[in-house]
Amino acid sequence: DAGVIQSPRHEVTEMGQEVTLRCKPISGHDYLFWYRQTMMRGLELLIYFNNNVPIDDSGMPEDRFSAKMPNASFSTLKIQPSEPRDSAVYFCASSFGGRFEKLFFGSGTQLSVL
Amino acid sequence: GNSVTQMEGPVTLSEEAFLTINCTYTATGYPSLFWYVQYPGEGLQLLLKATKADDKGSNKGFEATYRKETTSFHLEKGSVQVSDSAVYFCATSGGSYIPTFGRGTSLIVHP
């Protein structure tokens, strides 16, 4: 299996622009997570899905952030409009089953908002 | 809610030195405990886990013991290598089982 695939690996954009991050989970996994990693706050859970349905989005920082999972093999995290404080590494992870004994992470998207 | 506290890094060691990275947790219910490792430019990957008190997780020479009485899960390795240089994350799952991660501890091993 190719693992969790994220794109793009790097994104540089200007403040106010829309940014879309993409994730393909491991086939057969029924949970998908979006995390954000910063030096100041460490690794934060933004939102997670079960069987394509958003379960908990309480970690999404504000209305500028939205996430979708239209099918079992694809998810997006969108920031509109983007701000410099959104600069971070965004990780997607997937797992199978509800005990989360092992999360599989993608390589992340390094986002820089100028 | 759940939380994890890790020692701040970076931890800098010479090759073959002994490693300890401290981790303490607070969690509801009967949590599982994890150590994840992040190599440069990569995502996190599970290093080891323990699912109940007094369990010892081990992998690649790393070990950690689930200590309920001290709410700790310290990571140890007897002889580190340059290739162990990475960021190490302690995590706990309890209640809803969604893992909560610590801030991460950077390990730098010099030849």
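A brief look at the structure comes next.

What counts, and where the lines are drawn
- Residues numbered from 1 in each chain as written.
- Chains lettered and ligands numbered in written order.
- Predicted model: local features only at pLDDT ≥ 70, side-chain atom pairs only at ≥ 80, totals over all residues.
- Heavy atoms only, no water.
- Helix = DSSP H or I, 4+ residues; strand = E, 2+ residues; numbered from the N terminus.
- Buried < 20%, exposed > 50% of the residue type's maximum accessible area, 1.4 Å probe, protein only.
- Contact = heavy atoms within 4.5 Å.
- Buried area = accessible area lost by both parts, 1.4 Å probe.
- Salt bridge = Lys/Arg side-chain N within 4 Å of Asp/Glu carboxyl O.
- Nonpolar A, V, L, I, M, F, W, Y, C, P; charged D, E, K, R; others polar.
- Core = buried A, V, L, I, M, F, W, Y, C linked by side-chain atoms within 4.5 Å.

**Focus on the side chain of A:Thr13**
All names here are of chain A.
Then, number 1: Tracing the sequence through the fold places Thr13 in strand S2 (residues 10-13).
Then, number 2: Thr13 gets classed as buried once you look at its relative accessible area, which sits at 11%.
Then, number 3: Every residue in contact with Thr13, bar those within four places of it in the chain, is listed here: Val19, Ser82, Leu111, Ser112, Val113 and Leu114.

**Remarks on the interface of chain B and chain A**
Then, number 1: Every contact between the two is made by 18 residues of chain B and, on the other side, 21 residues of chain A.
Then, number 2: Summed over both sides, the interface of chain B with chain A buries roughly 1600 Å², with 54% coming from carbon and sulfur.
Then, number 3: It is B:Tyr97, B:Ile98 and B:Arg103 that lose the most area in chain B upon contact with chain A, and together they represent 32% of the buried surface on that side.
Then, number 4: Our count for the chain B to chain A interface comes out at one salt bridge.
Then, number 5: Between B:Lys49 and A:Glu101 there is a salt bridge, and its shortest N-O distance comes to 3.5 Å.
Then, number 6: Within the residue set of the side of chain B that touches chain A, elements represented by two or more residues are strand S5 (32-38) and strand S6 (44-50) of chain B.
Then, number 7: Residue contributions to the side of chain B that touches chain A peak at four residues, all from S5(B).
Then, number 8: Counted by class, the side of chain B that touches chain A contains nine nonpolar, six polar and three charged residues.

**Some thoughts on the nonpolar core**
Then, number 1: Counting residues in each nonpolar core, the largest one holds 25 residues, and the members touching the most others are B:Leu19, B:Trp35, B:Leu47, B:Leu48, B:Phe73, B:Leu75 and B:Tyr88.
Then, number 2: Looking at this core, the elements with two or more residues in it are strand S2 (11-14), strand S3 (19-21), strand S4 (23-26), S5, S6, strand S8 (62-65), strand S10 (86-93) and strand S12 (105-110) of chain B.
Then, number 3: Not counting residues within four places of it along the chain, the set of residues in contact with B:Leu48 comprises B:Leu33, B:Phe34, B:Trp35, B:Gly57, B:Ser58, B:Asn59, B:Phe62, B:Glu63, B:Ala64, B:Phe73 and B:Leu75.
Then, number 4: Residues A:Val19, A:Ile26, A:Met60 and A:Leu77 belong to the second largest nonpolar core, which totals 21 residues.

Without other data, these values stay purely geometric and don't point to any function.
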